[in-house]
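Architecture at a glance
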Amino acid sequence: MNLFRYLLPKLPEALQSWITVKLVSSGRIFQSPIWKMLFRTLAFYGGDERKLRETLVRKHEGIDSVIEALCALAKRTHEEAQKLSEGADPVRAEAARDMFLESALYYFMAYFFVWDQERLREIFRMADPVFDEFRKRMTPPVEKWAFEYGAGKFYVDAYYPEGTGPFPSVLLYPGNEGIKEHMATYAKYALSRGMAALAIEPPGWGESGLSGCTFSSLDDYRACTDEIYVRLANDPLLDEGRLGTFGVSGGALTSIIVAGFHDYIKASAGIGAPEYKRLAEVWKNALGEQKRKTYTWTGLSNEKDVMDFLRAYESDAEKALRKIKCPVVLIHGSDDYVTKAASGQEIAELIGENASYRVIEGDDHLCSNSIGTGLGDEIFDWLAERLK
């Protein structure tokens, strides 16, 4: 599989696309280690691994067929959730809430296969009302914050614990191509420990990207975090002096870099942070479709500008990491197929005595084997202890 991932980007783009379509259509790609990890991760987020496998690991007529199959699964799950939500039974109501989340996740998984912006908007038009059903059924209901930024807006889902506050908060950063809705289960870990959770949709991705908001430098993350902090500081339910960060994959690197930008971050944790020194090199060897997505979320239009952006990112990231003063935990799976597990150790060494690095033996990039069986509790216990 690693050899295949190495060779495929070296082929002409038309041939890359043809091979990818064949692998997706046959269902074979969904039996790869990376997709097995994604199935487990989607199950942790609130999906049903069996349903996903039955939907995807079979013969399809093409990419459109995969998207249609996921949307059909989402629609069926939504209908089941609506039936469950009828009546006043609190057990059924809670099950319906989680099934609305499940349905939305299937729509958002379809988003993974879409490159056309209009088709993306169509999927979000179907998914957003379903996720809104989940938002309003949480106790208290999840608030959706919108911030004007650049040519559009970026969005935050704000989860509050029950009680009067003021509460500590954790900023949640999804990975590359991740969206704020993917962070709902992590938010529940924070809520169960009396912490608010602010799930951030990065500029360029998801609903934020569709609004016209793009990500073209680390200053975008600095500025967006400052805007969230001002909103938080003016909320009587939230304590601006007790703020931490958590992220996965690219979001893990972001959550840690943000701690270098801002002294008001008091603790940071991440799973699967990539090699910040090799972002430009990795992108140069990426598939054509991945490169086109980069043009979309950065707002840049050619390879030179993207390479300049990524090299500047690498330099700015190193400067930020050297400035971190708060405690940091970096976690990696030993069997990471996406980035080298040693990248976490490199980041920890750069940060110095405030950072600790941990490898989970036998686990993958997202620690999908461990996150729901104790690791998630350990991470959020650690954050809660430092945000007392």
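Residues numbered from 1 in each chain as written. Predicted model: local features only at pLDDT ≥ 70, side-chain atom pairs only at ≥ 80, totals over all residues. Heavy atoms only, no water.

Concerning the overall build of the protein
The helix and strand tally for the protein stands at 16 helices and eight strands. Radius of gyration (C-alpha) of the protein: 20 Å, near the 21 Å computed for a compact globule of 388 residues. In terms of its C-alpha atoms, the protein occupies a principal-axis envelope of roughly 55 × 55 × 45 Å. Looking at the protein residue by residue over its 388 residues, the buried ones come to 55%. Considering only intrachain contacts with a sequence separation of at least 6, the fraction spanning at least 24 residues in the protein is 70%. Carbon and sulfur atoms form 51% of the exposed surface of the protein, whose accessible area is close to 16,500 Å². Each charge class in the protein was averaged separately, 47 positive and 57 negative side chains, and the resulting centres sit 3 Å apart. (Helix = DSSP H or I, 4+ residues; strand = E, 2+ residues; numbered from the N terminus. Rg over C-alpha atoms; globule rule 2.2 N^0.38 Å. Buried < 20%, exposed > 50% of the residue type's maximum accessible area, 1.4 Å probe, protein only. Contact = heavy atoms within 4.5 Å. Areas by Shrake-Rupley, 256 points an atom, 1.4 Å probe, with all protein chains shown as cover. Lys, Arg positive; Asp, Glu negative; His and termini not counted. Charge placed at Lys NZ, Arg CZ, Asp CG, Glu CD.)

A look at the sheet that holds strand β8 (residues 355–360)
Hydrogen bonds between backbone groups are what pair the strands of a sheet, and the pairing can be parallel or antiparallel. The eight strands lie next to each other as β1-β2-β4-β3-β5-β6-β7-β8, forming an open sheet whose pairing is mixed. Edge positions in the open sheet fall to β1 (143–149) and β8, since each of these has one partner strand only. This sheet shows a mean twist of 20° between the axes of neighbouring strands, independent of strand direction. Pairing between strand β5 (residues 238–248) and strand β6 (residues 265–271): six bridges, direction parallel. Looking at the pairing, Phe246 lines up with Ala269 of β6. The sheet strands contacting helix α10 (residues 218–233) are β1, β2 (152–159), β3 (167–173), β4 (196–200) and β5, and the helix crosses β1 at an angle near 130°. (Pairing = 2+ DSSP bridges. Axes fitted to C-alpha atoms, helices over the stretch in contact; angles between N-to-C directions.)

Here's the deal with the side chain of Ser268
By the secondary structure assignment, Ser268 is in strand β6. The exposure class assigned to Ser268 is buried, which follows from its relative accessible area of 0%. A polar contact is formed between the side chain of Ser268 and the side chain of Thr245, at a distance of 2.7 Å. Among the polar contacts listed, one links the side chain of Ser268 to the backbone oxygen of Ser255, at a separation of 3.2 Å. (Polar contact = N/O pair within 3.5 Å; in protein donor to acceptor, adjacent residues only side chain to side chain.)

Re the pairing of β4
The buried fraction of β4 is high, at five of five residues. Note: β2 against β4, four bridges, orientation antiparallel. What sits directly across from Asp157, in β4, is Ala199. One ladder, built from four bridges, connects β3 with β4; its direction is parallel. In the sheet register, Leu171 faces β4, and the bridge partner there is Leu198. Note that the unit made of β3, helix α8 (residues 184–191) and β4 has a crossover that is right-handed. (Right-handed = clockwise from strand over helix to strand, strands pointing away.)

Some details on the pairing of β8
The pairing of strand β7 (residues 328–333) with β8 spans six bridges and is parallel. Its bridge partner lying in β8, Ile331 is registered against Arg358. In this region the chain leaves β7, passes through helix α15 (residues 342–351) and returns to the parallel neighbour β8; the handedness of that crossover is right-handed.

Things to note about the pattern of salt bridges
Going through the model one piece at a time under the given rule, you end up with 30 salt bridges. One salt bridge in this structure joins Glu54 and Arg50, with 3.1 Å as the shortest N-O distance. Remark: Arg50 and Glu54 occur in helix α4 (residues 49–56); sequence separation between them is four residues, near one turn of the helix. With its nearest N and O atoms 3.5 Å apart, the salt bridge here joins Asp64 to Arg119. Taken together, the residues Asp64 in helix α5 (residues 63–84) and Arg119 in helix α7 (residues 117–137) connect sequence positions 55 residues apart. (Salt bridge = Lys/Arg side-chain N within 4 Å of Asp/Glu carboxyl O.)

Quick notes on the packing of aromatic side chains
Counted by the stated rule, this structure contains 25 aromatic pairs. Aromatic side chains Tyr45 and Tyr186 sit 5.9 Å apart centroid to centroid with 70° between the ring planes, which places their arrangement in the edge-to-face category. Of this pair, Tyr45 sits in helix α3 (residues 33–45) while Tyr186 is found in helix α8, placing the two residues 141 residues apart along the sequence. The burial state of Tyr45 is the same as that of Tyr186; both residues are buried. With centroids separated by 6.3 Å and ring planes inclined at 75°, the aromatic side chains of Trp145 and Phe147 adopt a geometry described as edge-to-face. For the pair formed by Trp145 and Phe147, the shared burial category is buried. A network of ring pairs unites the aromatic residues Tyr173, Trp205, Phe215, Tyr221, Trp297, Phe309 and Tyr313 as a single cluster. Above the plane of the ring of Phe261 lies Arg222, whose end atom (NZ or CZ) is 4.0 Å from the centre. (Phe/Tyr/Trp six-rings, centres within 6.5 Å; stacked < 30°, edge-to-face > 60°. Lys NZ or Arg CZ within 6 Å of the ring centre and 35° of its normal.)

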